Amino acid sequence: LNLKKEFITRAEYEKLVYSSGEYIVATKKINPVLTKTGCLNLQGEIKIPFQYDGISIHGLRAIVFNLNNGQYRYGLTDLENHLIIPVVYNRIYPLGTLRYAVENDNGKIALFGEDGRAITDYKIDSISPYTRSRAIIHQSLNQGLLDRDGNMEAEPIYQAINVMDDRVLGL
């Protein structure tokens, strides 16, 4: 319904969750035993079809996932459902604006850009969200510092890294 109590869509959705901006994540029964998730705009138009088990919108991108053989597999689309990163990864999560951590089957993480291009190799054990264009990474129990372009500002040789203003302290 809009504010004038006019119907925008038919009453066919199980759940509607406002995401941000112009988009709503919706779940819908496909048949009596199958429920899928899609994305609508505020005019009720389907922007991402009901083919995913879940969707999480982050800016102009959507992290999508499906349950496949007992495992969730993640991918990335734009808000018109153009696949950017295939739905084959263990996990994908945003690290800030335009950067994503993508975990492969070996549990290693690579940094990806919003265009779906890998910025680093799969060698990171864990990575923090970006703060002031820097992320702390963990590799083999050590910490390092990575910039937004995938360049190592501090190699992962430290037990701990402290970032204070523009200074980096490795311990």
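Thresholds, definitions, all that
- Residues numbered from 1 in each chain as written.
- Predicted model: local features only at pLDDT ≥ 70, side-chain atom pairs only at ≥ 80, totals over all residues.
- Heavy atoms only, no water.
- Helix = DSSP H or I, 4+ residues; strand = E, 2+ residues; numbered from the N terminus.
- Buried < 20%, exposed > 50% of the residue type's maximum accessible area, 1.4 Å probe, protein only.
- Contact = heavy atoms within 4.5 Å.
- Areas by Shrake-Rupley, 256 points an atom, 1.4 Å probe, with all protein chains shown as cover.
- Lys, Arg positive; Asp, Glu negative; His and termini not counted.
- Charge placed at Lys NZ, Arg CZ, Asp CG, Glu CD.
- Pairing = 2+ DSSP bridges.
- Axes fitted to C-alpha atoms, helices over the stretch in contact; angles between N-to-C directions.
- Phe/Tyr/Trp six-rings, centres within 6.5 Å; stacked < 30°, edge-to-face > 60°.
- Lys NZ or Arg CZ within 6 Å of the ring centre and 35° of its normal.
- Core = buried A, V, L, I, M, F, W, Y, C linked by side-chain atoms within 4.5 Å.
- Salt bridge = Lys/Arg side-chain N within 4 Å of Asp/Glu carboxyl O.

Novice: Summarise the overall build of the chain; cite the residues concerned and give the values.
Specialist: For the chain, the helix and strand inventory stands at 0 helices and 17 strands. For the chain, the spread of C-alpha atoms along the principal axes amounts to about 60 × 40 × 20 Å. A buried classification covers 40% of the 171 residues belonging to the chain. Counting only contacts in the chain whose residues sit at least 6 apart along the sequence, the fraction spanning at least 24 positions is 20%. Summing over all exposed atoms, the chain offers an accessible surface of approximately 10,100 Å²; the carbon and sulfur share of this is 50%. Where the 19 positive side-chain charges of the chain centre and where its 20 negative ones centre are 5 Å apart.

Novice: I'd like to hear about the pairing of strand 11 (residues 109-113), residue by residue, with values.
Specialist: The buried fraction of strand 11 is high, at 5 of 5 residues. Residues Ile109, Leu111 and Gly113 of strand 11 are buried on one face, and the alternating residues Ala110 and Phe112, pointing to the opposite face, are buried as well. Where strand 10 (residues 99-103) hands over to strand 11, the hairpin turn is made up of 5 residues, of which Gly107 adopts a positive phi near 80°.

Novice: Before we move on, could you go through the sheet that holds strand 8 (residues 83-89) and cite the residues and values that matter?
Specialist: The strand order across the open sheet formed by 4 strands is 5-6-7-8, and the pairing between neighbours is antiparallel. A strand with exactly one partner marks an edge of an open sheet, and here the two such strands are strand 5 (54-58) and strand 8. For this sheet, the mean angle separating the axes of adjacent strands, direction not counted, is 15°. As defined by bridge partners, strand 6 (residues 61-68) adjoins strand 7 (residues 71-78) across 8 bridges and the pair is classed as antiparallel. Looking across to strand 7, one finds that Val64 is bridged to Gly75.

Novice: Can you lay out the packing of aromatic side chains for me, pointing to particular residues and giving the numbers?
Specialist: For any pair of aromatic rings, the description rests on two quantities: the centre-to-centre distance and the angle between the ring planes. Counted by the stated rule, this structure contains 5 aromatic pairs. On the numbers, 5.3 Å between centres and 85° between planes, the contact of Phe65 with Tyr72 is edge-to-face. Grouped by ring-pair contacts, the aromatic residues Phe65, Tyr72 and Tyr74 constitute a single cluster. Between Lys28 and the ring centre of Phe50, over which it is positioned, the NZ or CZ distance is 5.1 Å.

Novice: Hey, could you go over the environment of Arg91 for me, with residue numbers and the actual values?
Specialist: When you line up the elements, Arg91 lands in strand 9 (residues 91-96). When its relative accessible area of 41% is taken as the criterion, Arg91 is described as partly exposed. Through-space distance from the C-alpha of Arg91 to that of Tyr74 is 5.5 Å; in sequence the pair is 17 residues apart. Discounting residues that sit within four places of it in the chain, Arg91 has contacts with Tyr74, Ala101, Val102 and Glu103.

Novice: Could you give an account of the nonpolar core, naming the residues involved and the relevant values?
Specialist: Nonpolar side chains tend toward joint burial in soluble globular proteins. Of all hydrophobic cores here, the largest spans 12 residues; its members are Tyr93, Leu95, Ala101, Ile109, Leu111, Ile119, Ile124, Ile127, Tyr130, Ala135, Ile137 and Leu146. Secondary structure elements with two or more residues in this core: strand 9, strand 11 and strand 13 (134-139). Residues within four places of Ile109 in sequence aside, it is in contact with Tyr93, Ala101, Val102, Glu103, Asp121, Tyr122, Lys123, Ile124, Asp125, Ser126 and Ile127.

Novice: Would you mind going over the pattern of salt bridges in detail, with residue names and values included?
Specialist: Inspection of every chain in the model, using the stated rule, returns 9 salt bridges. Note that Glu114 is salt-bridged to Arg61, the shortest N-O span being 3.3 Å. Placement of Glu114 in the loop between strand 11 and strand 12 (126-127) and of Arg61 in strand 6 is noted, with a sequence separation of 53 residues between them. Residue Glu114 is classed as partly exposed on the basis of its relative accessible area, which comes to 27%. Taking relative accessible area as the criterion, Arg61 reaches 16% and is therefore assigned buried.

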